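Survey of secondary and tertiary structure
Chain by chain, the residues:
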Amino acid sequence: MSTAPDPEPRAPKPSLVFDDPLDQQSSDDTDRGWGERPGGDSAADLKRFLDEKPPHHI
């Protein structure tokens, strides 16, 4: 008669959190991720504007 090895211990299930999600800052509440580029100079800003402007803004 052989004995089966002990099963691996399972990680506890995540608990439910009933905190108010509006109390936490989301990534949309910051400037990060909105296309802001660190640093920069006016010449680079002008080049980016001219490269990315819609065709009707001539």
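Refer to the structure printed above.
This text gives an overview of the structure that appears in the document. (Residues numbered from 1 in each chain as written. Predicted model: local features only at pLDDT ≥ 70, side-chain atom pairs only at ≥ 80, totals over all residues. Heavy atoms only, no water.)

Comments concerning the overall build of the chain
Within the chain, the secondary structure is distributed over one helix and zero strands. In the chain, buried positions account for 0% of the 58 residues. About 6,600 Å² of surface is accessible on the chain, with carbon and sulfur atoms providing 55% of the total. (Helix = DSSP H or I, 4+ residues; strand = E, 2+ residues; numbered from the N terminus. Buried < 20%, exposed > 50% of the residue type's maximum accessible area, 1.4 Å probe, protein only. Areas by Shrake-Rupley, 256 points an atom, 1.4 Å probe, with all protein chains shown as cover.)

Some words on the pattern of salt bridges
A side chain with one charge may pair with a side chain of the opposite charge, provided their charged atoms come close. Taken as a whole and assessed by the stated rule, the structure comprises two salt bridges. When the shortest N-O distance is used, the salt bridge between Lys-47 and Asp-51 registers 2.8 Å. Placement of both Lys-47 and Asp-51 in helix H1 (residues 42-52) is noted, with a separation of four residues, approximately one turn of the helix. The burial state of Lys-47 is the same as that of Asp-51; both residues are exposed. (Salt bridge = Lys/Arg side-chain N within 4 Å of Asp/Glu carboxyl O.)

Here we look at a nonpolar patch on the surface
Where nonpolar side chains cluster on the molecular surface, the patch consists of Leu-46, Phe-49 and Leu-50 and spans about 310 Å² of accessible area. Tracing the chain through its elements places Phe-49 in helix H1. (Patch = residues over 30% accessible without salt bridge, like charges linked within 9 Å, V, L, I, M, F, W, Y side chains within 5 Å.)

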